[in-house]
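Each chain, written out:
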Amino acid sequence: MDRVSVVTDIRQANQNAAHENRKVFDKCGSCVINLMSAPGAGKTSVLEATIREIAPSFKVAVIEGDLETTFDSDRIRAMGVPAHQITTGSVCHLDARMVAKALAVFPPDGADLVVIENVGNLVCPAEFNLGEDLRVMVFSVVEGADKPKKYPLMFHTSDVVLLNKIDLLPYSGVALSELLRNVVEVNPRAAIFPISCRTGEGMEGWIGWLTQELKTRSRQALSTLKT
Amino acid sequence: MHELSIAESILDIAAAEAATHHAAAVTTIKVRLGNFTGVVREALEFAFEIARQGTVAASATLEIESVPLRTRCPSCDMTGSSDFCFICERCGTPLDILSGREMQVESIELAEEEVPWIASR
């Protein structure tokens, strides 16, 4: 019997595919967001509210991931924004190869921002890099203040945490200060914005942050082209 | 239940190694699994039982070594085993992760390929 040393990362195949996606996005000059949350936290609604604010200045394209239906891509397309739907069947997350397939038929040419809305799930998507620049997580405050500690990985790997539905705080029994403390403990480096995409409360902080990020990245891309 | 796709990735890596070494079968796969990954050990063991069927590792054993979450403060160098609090309790700096994110095929054990003329005798 032979013992063979392997030492290979199990995520390697996905990493390789994510790297290829990255090349496509770079060629298109797009900044890419992997948008994640539990089901029903308000990803699509936050995305709609975000598009409304930034669409006059930036070109947006959206890739939607769901187990079934085209509800979400229909909603985005109704706003005049190009959208492509991935239906995973029973797979609980998007992986880089599914996104690669989508890019083959839906190249995001000329899009300043590509948003990939992941399958609603607070656990699985966190382990699969899609080739994104930024991970943005939506968490609805009514899910409970303890969740960052119970599901730490997605919070920890996100660049931005949007605490949505703060208009429901008075009815939820959740203390925003406790939730904020738990998010900061799990990810002290994240940008955190308490928002309500329904009432618009707090949205200006997030939109300002994103606009700045998109401007900085397009300047960097321009200077790379010049050199 | 993304453990099934993790199990399939493990089997892909093992099958590629088995092919490189012209082995007849994979008998053991040793995996290092960090405590701060989105993978549940029991779910992975269960998924592996299903995914290995019909592969070169159909009767292989999956050995999982758990790797604890360890952190270090980039500012004051204090190391610790974080309870999912990534702020240094001594100086308040965000902590770096030393270990706990591993998801790695460490080694495999292979059964020698049967040489046809020996097998037929």
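On a predicted model such as this, the values are computed, not experimentally measured, just so you know. (Residues numbered from 1 in each chain as written. Chains lettered and ligands numbered in written order. Predicted model: local features only at pLDDT ≥ 70, side-chain atom pairs only at ≥ 80, totals over all residues. Heavy atoms only, no water.)

Residue and element names in this part refer to chain A. Examined against the element boundaries, Ser196 turns out to sit in the loop between strand S8 (191-194) and helix H9 (203-226). Judged by relative accessible area, which is 1%, Ser196 ranks as buried. If we ignore the near neighbours within four places in the chain, the residues touching Ser196 are Asn164, Lys165, Ile166, Asp167, Glu201 and Met203. (Helix = DSSP H or I, 4+ residues; strand = E, 2+ residues; numbered from the N terminus. Buried < 20%, exposed > 50% of the residue type's maximum accessible area, 1.4 Å probe, protein only. Contact = heavy atoms within 4.5 Å.)

The strand order S1(A)-S6(B)-S1(B)-S2(B) describes an open sheet built from four strands, whose pairing is mixed. Each edge of the sheet is formed by a strand with only one pairing partner; in this case those strands are strand S1 (2-9) of chain A together with strand S2 (61-67) of chain B. Along the sheet, successive strands turn relative to each other by an average axial angle of 20 degrees, direction set aside. Contacts between helix H1 (residues 3-20) of chain B and the sheet are confined to S1 of chain A together with strand S1 (25-34) and strand S6 (103-111) of chain B, with S6 of chain B contributing the most and set at about 45 degrees to the helix. (Pairing = 2+ DSSP bridges. Axes fitted to C-alpha atoms, helices over the stretch in contact; angles between N-to-C directions.)

The subject of this paragraph is the pattern of salt bridges. Residues and elements named next belong to chain A. Counting across every chain of the model gives 19 salt bridges over all chains. The salt bridge involving Asp146 is made with Lys150; its shortest N-O contact spans 3.2 Å. Residue Lys150 is classed as exposed on the basis of its relative accessible area, which comes to 54%. (Salt bridge = Lys/Arg side-chain N within 4 Å of Asp/Glu carboxyl O.)

Packed helices, taken two at a time, are described by their axes: the angle between them and the distance between them. Residues and elements named next belong to chain B. Between H1 and helix H2 (residues 41-51), whose axes approach to 8 Å, the crossing angle comes to 60 degrees. In this view, H1 runs oblique relative to H2, as classed from their interaxial angle. Considering how the two elements wind past one another, H1 and H2 form a crossing that is right-handed. Listed contacts from H2 to Glu3, Leu4, Ile6, Ala7, Glu8, Ile10 and Leu11 of H1 are Ala43, Leu44, Ala47, Phe48 and Ala51. For the contact of H1 with H2, the class distribution of residues is ten nonpolar, no polar and two charged. (Parallel < 35°, antiparallel > 145°, perpendicular 65-115°, else oblique. Left-handed = near helix turned anticlockwise from the far one by under 90°. Nonpolar A, V, L, I, M, F, W, Y, C, P; charged D, E, K, R; others polar.)

Here the focus is the packing of aromatic side chains. All names here are of chain A. If you walk through the whole model with that rule in mind, you get five aromatic pairs over all chains. When the ring of Trp206 is compared with that of Trp209, the centres are 6.2 Å apart and the planes differ by 20 degrees; the resulting orientation is stacked. Of this pair, Trp206 and Trp209 are both found in helix H9, three residues apart, which corresponds to roughly one turn of the helix. For Trp206, a relative accessible area of 3% puts it in the buried group. (Phe/Tyr/Trp six-rings, centres within 6.5 Å; stacked < 30°, edge-to-face > 60°.)

Next up on the list: the interface of chain B and chain A. Facing 35 residues of chain B, the contacting portion of chain A comprises 27 residues. For the pair chain B and chain A, the summed buried surface comes to about 2900 Å²; carbon and sulfur atoms form 63% of the total. Considering only the surface of chain B that becomes buried against chain A, His2, Arg101 and Met103 of chain B emerge as the three largest contributors, covering 19% of it. For the pair chain B and chain A, the number of links is two salt bridges. With its nearest N and O atoms 2.9 Å apart, the salt bridge here joins Asp96 of chain B to Arg189 of chain A. If you look at where chain B meets chain A, you find 14 residue pairs in polar contact (both at pLDDT 80 or more). Of all the secondary structure elements, the ones that give two or more residues to the side of chain B that touches chain A are H1, S1, strand S5 (96-99) and S6 of chain B. Per-element tally for the side of chain B that touches chain A: the top contributor is S6 of chain B, with eight residues. Broken down by class, the residue content of the side of chain B that touches chain A amounts to 17 nonpolar, nine polar and nine charged. Looking at chain direction, S1 of chain A and S6 of chain B are connected through six bridges and run antiparallel. Along S6 of chain B, the bridge assignment pairs Asp9 of chain A with Gln104 of chain B. (Buried area = accessible area lost by both parts, 1.4 Å probe. Polar contact = N/O pair within 3.5 Å; in protein donor to acceptor, adjacent residues only side chain to side chain.)

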